[in-house]
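Residue strings, one per chain:
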Amino acid sequence: EATLDILDEATGAVRHVPRIMIEGEMFRLGPDGSIYQLDHATAVDISELPGGILKRDRNGKIIHFEGTRRTRITNFPSGTTNWERDYTVDRRGEIYVKNRQKNYHGLMNVEVFGTDGNRKRRAIEITCDGSLGPKVDPQGNLYMAECIKPLGQPFPKELEGRIPAGREGDYAWIYGSIIKYGP
């Protein structure tokens, strides 16, 4: 069993939360201190569908979403790893999830789930499987990082002449645009 270490930025104290190690995890903290865990597999103590966003209390115990018997929001992986299935929890406790559509490595969308774990709406109709985000600001604006760049400019001009020969393609993957969507 491994632990999740949470740093309190105000005090510098680190809280160690015991948890079950599951491959491909990403964690977010809710406004009430609850822990949201996205994983690829089914934990041994969950009888729901594999994969998705699991809710835990601040001590790591699995809990139900507000007013329901659900402990997980199903989120199917889009392909190779967990990095392209990002999600965030806003200040109200709503969960913004990047979800795949029909094709495994195809287009994706961003769904919004309430504090009860039920789907509320689709916030972004189409995004690519390699985008990062969503992130949400206090006004409800959404932000996605996409691999969109000026035509013929695969990496920033500041890197011209500084990229090792044969590595240009690697740098093209780390360069793109931040797209802002209104609430």
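Residues numbered from 1 in each chain as written. Predicted model: local features only at pLDDT ≥ 70, side-chain atom pairs only at ≥ 80, totals over all residues. Heavy atoms only, no water.

**Re the sheet that holds strand E3 (residues 26–29)**
Rules: Strands were regarded as paired on the criterion that DSSP finds at least two bridges between them. Numbered from the N terminus, helices here are DSSP runs of H or I no shorter than four residues, and strands are runs of E no shorter than two.
Pairing is antiparallel across the open sheet formed by 4 strands, whose spatial order is E3-E4-E5-E6. In the strand order of this sheet, the two ends are held by E3 and strand E6 (72–73), each with one partner. Here strand E4 (residues 35–39) pairs with strand E5 (residues 52–56) via 5 bridges, running antiparallel. Considered in E5, the bridge of Asp-39 is made with Gly-52.

**Quick word on the pairing of strand E12 (residues 142–146)**
Our working rule: Accessible area is worked out with a 1.4 Å probe on protein chains only. A residue is then buried under 20% of its type maximum, exposed over 50%, and partly exposed in between.
Burial along E12 is one-sided: the face carrying Leu-142, Met-144 and Glu-146 is buried and the face carrying Tyr-143 and Ala-145 is not. Where strand E11 (residues 132–136) and E12 come together, 3 bridges link them in antiparallel fashion. Following the sheet pairing, Lys-135 is matched in E12 by Tyr-143. Where E12 meets strand E13 (residues 177–181), 5 bridges bridge the pair, whose relative direction is antiparallel. Directly across from Ala-145, in E13, lies its bridge partner Ile-178.

**Re the side chain of Asp-86**
Inclusion rule: Definition of a polar contact: a pair of N or O atoms within 3.5 Å, with one able to donate and the other able to accept a hydrogen when the atoms are protein atoms, and with sequence-neighbouring residues admitted only if both atoms are side-chain atoms. Contacts were defined at the residue level, with two residues in contact if any of their heavy atoms lie within 4.5 Å.
Within the secondary structure, Asp-86 sits in the loop between E6 and strand E7 (87–89). Exposure remark for Asp-86: the relative accessible area of 7% places this residue in the buried category. Polar side-chain contacts of Asp-86 include one of 2.4 Å to the side chain of Arg-28. A distance of 3.2 Å separates the side chain of Asp-86 from the side chain of Lys-135, its partner in a polar contact. Once you skip the residues sitting within four places of it in the chain, Asp-86 turns out to touch Met-26, Arg-28, Tyr-96, Val-97, Lys-98, Gly-133, Pro-134 and Lys-135.

**Regarding the packing of aromatic side chains**
Heads up, the rule is: Ring pairs shown here join Phe, Tyr and Trp side chains whose ring centres sit within 6.5 Å, with only the six-membered ring taken for Trp; geometry is labelled stacked below 30 degrees between planes, edge-to-face above 60, and tilted in between. Working rule: Lys NZ or Arg CZ, within 6 Å of ring centre, within 35 degrees of ring normal, means a charge sits over the ring.
What the rule picks out here adds up to 1 aromatic pair. Each ring, one from Tyr-36 and one from Phe-65, has its centre 6.3 Å from the other, and the planes form 40°; the classification is tilted. Pair noted here: Tyr-36 is in strand E4 and Phe-65 is in the loop between E5 and E6, with a separation of 29 residues, a long-range link. Sitting over the ring of Tyr-87, Arg-28 keeps its end group 5.2 Å from the ring centre.

**Structural notes on the pattern of salt bridges**
Short version of the rule: A side-chain nitrogen of Lys or Arg and a carboxyl oxygen of Asp or Glu constitute a salt bridge if their distance falls within 4 Å.
One pass over the full model with this rule turns up 8 salt bridges. For the salt bridge of Lys-135 with Asp-86, the shortest nitrogen-to-oxygen distance reads 3.2 Å. In this pair, Lys-135 is assigned in strand E11 and Asp-86 in the loop between E6 and E7, connecting sequence segments 49 residues apart. The partner of Asp-90 in a salt bridge is Arg-92, with the nearest N and O atoms 3.0 Å apart. With relative accessibility at 52%, the residue Arg-92 sits in the exposed group. One network of salt bridges, in which partners are shared, links Asp-90, Arg-92, Glu-94 and Lys-120.

**With respect to the environment of Thr-88**
Position of Thr-88 among the secondary structure elements: in strand E7. Thr-88 gets classed as buried once you look at its relative accessible area, which sits at 10%. Considered as a pair, Thr-88 and Tyr-36 are 52 residues apart in the sequence and their alpha carbons are 9.1 Å apart. Filtering out sequence-adjacent residues up to four positions away, Thr-88 remains in contact with Arg-28, Glu-94, Ile-95, Tyr-96, Pro-134, Lys-135 and Val-136.

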